[in-house]
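# Coordinates in review
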Amino acid sequence: MALLPRLNRGPTLALLCAVYFGAGLSLASIGPNLSALAANVGRDVALIGSQFTAFSLGTVVVQFVVGPFSDRYGQRTVLSLGLLMMGLGILGESLSPNLTLLLVFAGLGGLGFGSILSSGSVLVPRLFPVRGTSALNLVNLFFGVGSIVGPLVAGRALAQLGSPLPALWLGAGLLLGLFPLALLAAEADVPAEGALNGSVPWLLVLLLGFLLLVYSGTEIALGGWAALYLEIGADMAPAQAAIAVAGFWFALTLGRGAGALLGLRFSALQVLLMTIILLLSGSVLLFFTVGNPTGSIGALLVLGLAFGPIFPTTMALVALTSGGRGTAAAVALAIGNSGGAIIPPLMGLVLSRAGPPAVALLVVIATSIVFLLACAVVIVSRRSQQL
């Protein structure tokens, strides 16, 4: 590999945008494919929610090893292996003939996605130390673009081919196709020990991690179950519901763009508080529009807009409070990714047993917890004079 040209930081940023686009496309395609996956394995669709748990466990487990591994082999290697594992995992899920094999591939995909998240969250700020927050928002913006395309491809494939599975094949193919380029990505220098002054404010890091847990779990759950929620609660056709889910991801992408612009004028903490207040408002709207197609879609759009800036802004706060330490980022990601193992299967169970009104109430409770955690972050940061 030493004889091959390395990408500089500009092309590497473009590569990461493509990687996040592929990851967003793949993950957003899973929701419209839940019924197809259930048919493949011959199980009830509610049981397929366990694949969210397997996937999220993979993203959590990998955080415990990715730090030492990247110190030895570099972020480029972590990114490359992440692409390989996630691509094979998504492809394997789409072809699995039984639930056990589907869960195994979901776990493999989670290992890959966790590796991609970790490498991107560390590599981008190190390659762009001055404009790291803007660059990180840009990369996550492309995740949102992929999340829009995924459900659209699934809906189109369902209407034209009778199956939404081609959307998963497209995502897996893109991730695997980027693997050779990732081997040539620029490497990030580890900050000198002397550059990291002071101790890590672990209470703040933990609070931000738990905020990510509830937020990310709710976002993944809504993205995964929104199509079925609209089909059951608003009597929408599957193809129409898939398009509505694409609207949710489109709003999320707009939210990330808005978050980047707001970050030029307000502090990261102020941006976080503004978006969480909008998030809480969207959840209340969802609760009061159960059964109303237009109202439910409108609520999902508000929620998507509010979800958009939360992840990159929270990760920027983790970097700000910890002086850019990779260990703090790994801890926050490990806690945050746990949400995907808890809330999505819970939402699927609630949807199948109690129906859309209970799901809407669950979203209100989850966003209220996010708001309370954000308030706790404000209180602790003021007392410790952080942020």
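Residues numbered from 1 in each chain as written. Predicted model: local features only at pLDDT ≥ 70, side-chain atom pairs only at ≥ 80, totals over all residues. Heavy atoms only, no water.

### A few points about the side chain of Thr321
How we decide: Helix and strand definitions here come from DSSP, where helices need a minimum of 4 consecutive H or I residues and strands a minimum of 2 consecutive E residues; each element is numbered from the N-terminal end. Polar contact is the term for a pair of N or O atoms within 3.5 Å; when the atoms are in protein, one must be able to donate a hydrogen and the other to accept it, and sequence-neighboring residues count only if both atoms are side-chain atoms.
As for its position among the elements, Thr321 is in helix 14 (residues 310-322). Within the structure, the side chain of Thr321 is placed 3.1 Å from the backbone oxygen of Val318, a separation counted as a polar contact.

### Details of helix 1 (residues 9-30)
Operational definition: Working rule for helices: expected span equals 1.5 Å times residues minus one.
Helix length check: helix 1, at 22 residues, gives a terminal C-alpha distance of 32 Å against a target of 32 Å (1.5 Å per residue), a fit within 8%. Between the side-chain oxygen of the N-cap and the backbone nitrogen of Gly10 there are 3.1 Å, and the N-cap of helix 1 in question is Asn8.

### Quick word on helix 14
Inclusion rule: Three labels apply to residues, based on accessible area from a 1.4 Å probe with only protein chains included: buried if under 20% of the type maximum, exposed if over 50%, partly exposed otherwise in between.
The end-to-end C-alpha distance of helix 14 is 18 Å, a good match for the 18 Å that 13 residues give at a rise of 1.5 Å each. With 11 of its 13 residues buried, helix 14 lies for the most part within the structure. Restricting attention to buried positions, one finds in helix 14 the residues Ile310, Phe311, Pro312, Thr313, Thr314, Met315, Ala316, Leu317, Val318, Thr321 and Ser322.

### Quick look at the confidence of the model for the chain
Keep this limit in mind: Each residue carries a pLDDT score, the predictor's own confidence in it, on a scale running from 0 to 100. Working rule for contacts: check all heavy atoms of both residues, and any pair within 4.5 Å makes them a contact.
Per-residue pLDDT for the chain has a mean of 86; in total, 93% of the residues score no lower than 70. Every residue in residues 192-196 is under pLDDT 50, and counting partners more than four places away or in other chains gives 3 contacts.

### Describing a nonpolar patch on the surface
To keep it simple, the criterion reads: Residues forming no salt bridge and having over 30% relative accessible area are the ones grouped into patches, like charges within 9 Å of each other and nonpolar side chains (Val, Leu, Ile, Met, Phe, Trp, Tyr) within 5 Å. Only the protein chains shown count as cover for residues, and all accessible areas are computed by the Shrake-Rupley method using a 1.4 Å probe. When a carboxyl oxygen of Asp or Glu is within 4 Å of a side-chain nitrogen of Lys or Arg, the pair counts as a salt bridge.
Together, Val284, Phe287, Phe288, Leu361, Ile365 and Ile369 give the surface a local cluster of nonpolar side chains, amounting to about 550 Å² of exposed area. Every element with two or more residues in the nonpolar patch is listed here: helix 12 (268-288) and helix 17 (356-384). If you trace the backbone, Ile365 turns up in helix 17. Judged by relative accessible area, which is 44%, Ile365 ranks as partly exposed.

### Quick notes on the packing of helix 10 (residues 202-233) against helix 11 (residues 238-262)
Note the threshold: Angles here are taken between N-to-C directions and fall from 0 to 180 degrees, while the axes themselves are lines fitted to C-alpha atoms, restricted in helices to the stretch in contact. An angle counts as roughly parallel when it lies under 35 degrees, as roughly antiparallel when it exceeds 145, as roughly perpendicular when it falls between 65 and 115, and as oblique in every other case. For a crossing to be left-handed, the near helix must be turned anticlockwise from the far one by less than a right angle; the clockwise case is right-handed. The residue classification treats Ala, Val, Leu, Ile, Met, Phe, Trp, Tyr, Cys and Pro as nonpolar and Asp, Glu, Lys and Arg as charged. All others, Gly included, are polar.
Interaxial distance between helix 10 and helix 11 falls to 6 Å at its minimum, and their mutual angle equals 150°. Relative to helix 11, the element helix 10 lies roughly antiparallel. Between helix 10 and helix 11 the crossing geometry is right-handed. Here helix 10 contributes Tyr215, Glu219, Leu222, Gly223, Ala226, Ala227, Leu230 and Glu231 to the contact with helix 11, which in turn contributes Pro238, Ala241, Ala244, Val245, Phe248, Trp249, Leu252 and Arg256. Among the residues forming the contact of helix 10 with helix 11, the class breakdown is 12 nonpolar, 1 polar and 3 charged.

### A look at the packing of aromatic side chains
Which entries qualify depends on this criterion: We call Phe, Tyr and Trp rings a pair once their centres come within 6.5 Å, taking the six-membered ring for Trp, and we label the pair stacked below 30 degrees between planes, edge-to-face above 60, and tilted otherwise.
Summed over all chains, the structure comprises 8 aromatic pairs. Residues Tyr215 and Phe307 carry aromatic rings whose centres are separated by 5.8 Å and whose planes lie at 50° to one another, so their mutual orientation is tilted. Of this pair, Tyr215 sits in helix 10 while Phe307 sits in helix 13 (residues 293-307), and the two are 92 residues apart along the sequence. You'll find Tyr215 and Phe307 in the same group, each marked buried. Judged by centre distance (6.1 Å) and plane angle (75°), the rings of Phe248 and Phe307 are edge-to-face. A residue pair is termed long-range when its members are at least 10 positions apart, and Phe248 in helix 11 and Phe307 in helix 13 qualify at 59 residues.

### Overview of the environment of Leu25
Tracing the backbone through its elements, the reader meets Leu25 in helix 1. The spatial distance from the C-alpha of Leu25 to the C-alpha of Gly89 is 14 Å, given a sequence separation of 64 residues. If near-sequence neighbours (up to four positions away) are discounted, Leu25 is found in contact with Gly146, Ser147, Val149, Gly150, Ala167, Leu170 and Gly171.

### A few points about the side chain of Ser118
Within the secondary structure, Ser118 is located in helix 7 (residues 99-127). In this structure, Ser118 is in contact with Gln63, Val66, Gln75 and Leu333, ignoring residues within four places of it in sequence.

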